[in-house]
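# Fold and contact review
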Amino acid sequence: MWAAKTIFLALICTLLAWLGIRVMDALTPHIHEREKIGENPISVGLFIAGFLIFIGLVIHGATTAPAAVGGPFWEYLLDPRRLGMLAVSFLISLLVGIALFHIVDKLTPKIPFASVEKDSIAVGAYVFGYLIFFGLIIHAALTTPL
């Protein structure tokens, strides 16, 4: 049961990470994350590294998440409260991440955040940071006692 839950949560969180990057593309139209990352092997490497850290945080969170053992298998695997926490965490990470991106960009006019679009490595580093940010939020959602 434990392994099935870990694999299930890793798959759900991977889908959320992919969706998060798609939403980032839409919310930051001047930065085309998915297109720019593929332009340079270093940016691809940064993306993969961020993704591996993200998945590591997800697997650690899934394996250490508090759970009631001894109940029905499907209730253990598809805990609606835990899945709800993941959904809320996903929305919070997107909204807070994008909002803070824009706020800090406005507060630091001599550091134009949108200039990351000019270099695929910069975009790779930007998405690397987002994946770690998102991984930490998901990890907290998975390990929070309900």
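Computed from a prediction, not measured in an experiment: that's the story for all the values here.

Okay, the side chain of D105 next. As for its placement among the helices and strands, D105 is situated in helix α5 (residues 80-107). Buried within the structure, D105 lacks any salt-bridge partner; its nearest side chain of opposite charge belongs to K106, at an N-O separation of 5.1 Å. One polar contact links the side chain of D105 to the main-chain amide nitrogen of F113, over a distance of 3.0 Å. Sequence-distant contacts of D105, that is, excluding residues within four places in its chain, are made with L100, I111, P112 and F113.

With that settled, the discussion passes to the pattern of salt bridges. Inspection of every chain in the model, using the stated rule, returns 1 salt bridge. Across the salt bridge formed by K36 and E39, the nearest N and O atoms sit 3.3 Å from each other. Assessed through its relative accessible area of 54%, E39 is described here as exposed.

Let us now look at a nonpolar patch on the surface. A contiguous nonpolar surface patch, about 600 Å² in accessible area, is contributed by V88, I92, V96, L100, I103, V104 and L107. The residue I92 is located in helix α5 in this model. Here I92 falls in the partly exposed class, since its relative accessible area comes to 42%.

Conventions adopted
Residues numbered from 1 in each chain as written. Predicted model: local features only at pLDDT ≥ 70, side-chain atom pairs only at ≥ 80, totals over all residues. Heavy atoms only, no water. Helix = DSSP H or I, 4+ residues; strand = E, 2+ residues; numbered from the N terminus. Buried < 20%, exposed > 50% of the residue type's maximum accessible area, 1.4 Å probe, protein only. Lys, Arg positive; Asp, Glu negative; His and termini not counted. Salt bridge = Lys/Arg side-chain N within 4 Å of Asp/Glu carboxyl O. Polar contact = N/O pair within 3.5 Å; in protein donor to acceptor, adjacent residues only side chain to side chain. Contact = heavy atoms within 4.5 Å. Patch = residues over 30% accessible without salt bridge, like charges linked within 9 Å, V, L, I, M, F, W, Y side chains within 5 Å. Areas by Shrake-Rupley, 256 points an atom, 1.4 Å probe, with all protein chains shown as cover.

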